[in-house]
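Residues per chain, in single letters:
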Amino acid sequence: MFESLSEKLTSVLGNLSKKGKLTEQDVDNALRQVRLSMLEADVDYKVTREFISRVKEQVMGAKLFASLSPGQTVIKFVREEFSQILGGTKSDICRSDKSPTIIMVIGLQGTGKTTTTSKLALHLRSQNNSVMMAACDLQRPGAVEQLDQLGKQSNIPVYKETAKTATPYKVAIEAKKFAQKENIQYLIVDTAGRLSINEQLMQELKQIKDAIKPDEILLVLDAMTGQDAVRSGTMFNDTIGMTGIILTKMDGDARGGAALSMKNAVGLPIKFIGIGEKPDQFEPFYPERIASRILGMGDVETLIEKAKLQYTQKEALNLETKIKRNQFTMNDLLAQFTNFKRMGSTSELIGMIPGLNSAAGKINLGDINDDKIKYVEAIILSMTAKERENPLIINGSRRNRIAKGSGTSSAEVNQLLNQFKQMQKLMKRFSNQRSRNSLSKIFGGN
Ligand SMILES: Nc1nc2c(ncn2[C@@H]2O[C@H](COP(=O)(O)OP(=O)(O)OP(=O)(O)O)[C@@H](O)[C@H]2O)c(=O)[nH]1
Ligand SMILES: [Mg+2]
């Protein structure tokens with residue numbers, strides 16, 4: 001997400017910070033390029049214009065032309081402004097005093113409502129809440145079954161009614177009663193979509209809304225539809241009223257115009273983003289972190305949170321001890337890949353590592369991708385237990401056997417062995433105090 005915008009801004013702002021003193025002309029030139037990049041990213045014209053004028057105002061107010069490294073200050077202002085137009089601070093799901101807190105999920109056809117309903121349910125459950133979903137899309141054949149399947153996969157109960165006489169608002173009322181009786185903390189209601197905002201859809205949604213009085217109404221919008229998403233956000237808010245927005249398919253949106261225009265145009269916060277089809281490809285929306293990602297500064301906080309979800313404290317400590325004692329083997333590397341894959345796609349993770357987000361094209365992201373990891377895994381899996389513990393015993397004939405077994409060439413096996421050696425060297429350096437602290441931070445050890 002935001003790849004194209006991020007690439008351009010990283011290069012414009014990178015050039016700015018390389019300069020020593022700046023003239024007003026330098027800043028104007030850079031801001032002109034920022035403006036063009038934002039317009040190319042499909043950010044609303046008015047939002048862009050106001051953005052640039054606010055940054056310019058701050059630059060002029062800061063008297064930075066006299067300072068020695070003004071580039072960083074300009075970048076700071078740009079970052080803060082991005083964070084502001086993305087909504088400023090993170091916006092949480094509200095919690096009702098009485099259980100259940102009811103969340104109604106609405107939106108046009110195919111935007112990702114049902115997938116998002118189950119992702120949100122998983123997210124709330126991971127915070128130790130009891131959650132139930134209600135299947136109130138009785139419009140599309142198979143919709144109830146789809147939610148039911150998703151519920152089964154993640155072991156989250158689904159309230160459904162299959163009687164021909166069932167209507168969406170009646171199912172919603174029954175689901176609410178059931179959740180109250182069972183003292184379930186969150187009830188998430190999936191609703192039907194239509195191709196466009198029509199009378200029938202609005203009637204149905206209003207009926208459900210009046211019947212169950214949800215605490216949150218979240219509108220699901222497809223980020224890939226850019227300004228169309230912004231327009232439908234405005235229309236839904238004018239007719240039904242919402243409390244927040246979930247932007248899905250951010251993984252397929254290199255530009256990011258919808259995300260950057262939404263708060264200003266609709267006046268509501270983006271609460272979550274969908275970043276893939278899988279159940280865990282879903283994140284709370286943190287404006288500040290996203291602003292950093294857009295400017296190629298990475299997002300260490302999210303990376304740490306993702307890592308923490310996958311690592312137990314014990315695993316983390318084990319790993320750290322092994323690294324400290326220089327006992328990190330190919331088996332450990334293999335285990336790290338498995339953890340890495342559970343955390344998300346490689347490209348998604350790379351965007352969160354500061355400076356790695358294609359910093360002015362210095363790093364070829366094509367070099368590090370999910371396919372490459374698959375090869376590396378195949379090579380390690382073709383090694384014997386002894387070879388994995390001690391790769392030094394791998395001679396010519398062993399190398400050929402491993403290459404054959406993994407469908408690679410012996411040159412590729414060699415390359416991995418060399419990389420592993422380099423890695424071990426690097427890890428030795430991790431043993432010093434400073435690095436140990438940062439490892440603990442990432443892996444949650446003490
Ligand atoms: N890449 C990607 N795909 C997504 C994301 N969210 C949903 N999808 C996909 O979008 C498609 C539609 O998702 P649904 O959840 O069925 O959409 P819906 O809004 O419930 O659709 P209707 O009920 O027909 O209106 C599915 O193929 C999902 O896997 C996302 O964040 N990223
Ligand atoms: Mg659906």
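Numbering of residues begins from 1 in every chain and follows the order in which that chain's sequence is written. Working convention: letters from A go to chains and numbers from 1 go to ligands, in the order in which they are written. Two thresholds apply to this predicted model, a pLDDT of at least 70 for residue-level local features and 80 or more for giving and counting side-chain atom pairs, whereas whole-chain, interface and lining totals are computed over all residues. Only heavy atoms go into the side-chain values, all of them from the structure, while hydrogens and water stay out.

Comments concerning the overall build of the chain
The secondary structure content of the chain amounts to 20 helices and eight strands. Working definition: with a 1.4 Å probe on protein chains only, accessible area under 20% of the residue-type maximum means buried, over 50% means exposed, and in between means partly exposed. Counting every position in the chain, which comprises 446 residues, the buried fraction comes to 49%. Here a residue-residue contact requires only that any non-hydrogen atoms of the pair lie within 4.5 Å. Looking at the chain alone, contacts between residues at least 24 apart form 74% of all its contacts between residues at least 6 apart. Per-residue and other accessible areas were derived by the Shrake-Rupley procedure at a 1.4 Å probe size, with only the shown protein chains allowed to occlude residues. With the model as given, the accessible surface of the chain reaches about 21800 Å², and the carbon-plus-sulfur share is 51%. Helix and strand assignments follow DSSP, with helices taken as H or I runs no shorter than four residues and strands as E runs no shorter than two, numbered in order from the N terminus.

Some words on the confidence of the model for the chain
Every residue gets a pLDDT, meaning the predictor's confidence in that residue, from 0 to 100. Here the chain shows a mean pLDDT of 84. Residues at 70 or above account for 82%. In the model, residues 358–366 has pLDDT below 50 throughout and makes nine contacts with residues more than four positions away in sequence or in other chains. Contacts from residues 433–446, a stretch scored under 50 in pLDDT, to residues over four places away or in other chains number 29 contacts.

Here we look at the sheet that holds strand E7 (residues 270–274)
For two strands to be treated as a pair, DSSP must find no fewer than two bridges joining them. Spatial strand order, E3-E2-E4-E1-E5-E6-E7-E8: eight strands in an open sheet with mixed pairing. Every interior strand has two partners, whereas the edge strands, strand E3 (158–159) and strand E8 (282–284), have only one. Across two bridges, the pairing between strand E2 (residues 131–136) and E3 is parallel. Within E3, the position partnered with Met 133 by the bridge is Val 158. Set on the sheet, helix H6 (residues 143–154) makes contact with E2, E3 and strand E4 (186–191); between it and E2 the angle comes to about 165°. Throughout, an axis means a line fitted to C-alpha atoms (over the contacting stretch in the case of helices), and angles, computed between N-to-C directions, take values from 0 to 180 degrees.

Focus: the environment of Asp 280
Looking at where Asp 280 falls in the secondary structure, it is placed in the loop between E7 and E8. Residues Asp 280 and His 123 lie 157 residues apart in sequence; the distance between their C-alpha atoms is 7.9 Å.

Details of the nonpolar core
Within the largest apolar cluster, 74 residues are counted, with the highest numbers of intra-cluster contacts made by Phe 82, Leu 247, Met 262 and Ile 294. Among the elements that make up this core, the one with the highest residue count is helix H4 (residues 70–85) (six residues). Annotation comment: domain bounds sourced from an automatic or database domain assignment. Viewed by domain, this core spans two of them, domain 1 (3–85) and domain 2 (101–290), each represented by three or more residues. In this structure Ile 294 touches Phe 2, Leu 5, Ser 6, Leu 9, Thr 10, Phe 82, Leu 86 and Leu 260, once residues within four positions along its chain are discounted. Nonpolar core, defined: a set of buried Ala, Val, Leu, Ile, Met, Phe, Trp, Tyr and Cys residues in which side-chain atoms within 4.5 Å join the residues together. Counting residues in hydrophobic clusters, the runner-up holds 20 residues, among them Leu 120, Leu 124, Ala 135 and Val 144.

Quick look at the site of ligand 1
Distances are taken per atom, and a residue is near a molecule or strand as soon as one of its heavy atoms is within 4 Å of it. Taken together, 20 residues sit near ligand 1, with Lys 113, Thr 114, Thr 115, Arg 140 and Asp 251 positioned nearest. Contacts described as polar in this section are N or O atom pairs within 3.5 Å, which, within protein, must combine one atom able to donate a hydrogen with one able to accept it, while residues neighboring in sequence count only if both atoms come from side chains. Measuring from an oxygen atom of ligand 1, one finds a backbone N or O atom of Ile 275 at 3.5 Å. Between an oxygen atom of ligand 1 and a side-chain N or O atom of Glu 277, the distance comes to 2.9 Å. In isolation ligand 1 exposes 660 Å². Once the protein is present, 82% of that is buried. Here the shell around ligand 1 takes four residues from helix H5 (residues 113–126), the largest share from any one element. When its residues are assigned to classes, the shell around ligand 1 shows two nonpolar, eleven polar and seven charged. Under the grouping applied here, Gly and all other residues not named as nonpolar or charged are polar, the nonpolar ones being Ala, Val, Leu, Ile, Met, Phe, Trp, Tyr, Cys and Pro and the charged ones Asp, Glu, Lys and Arg.

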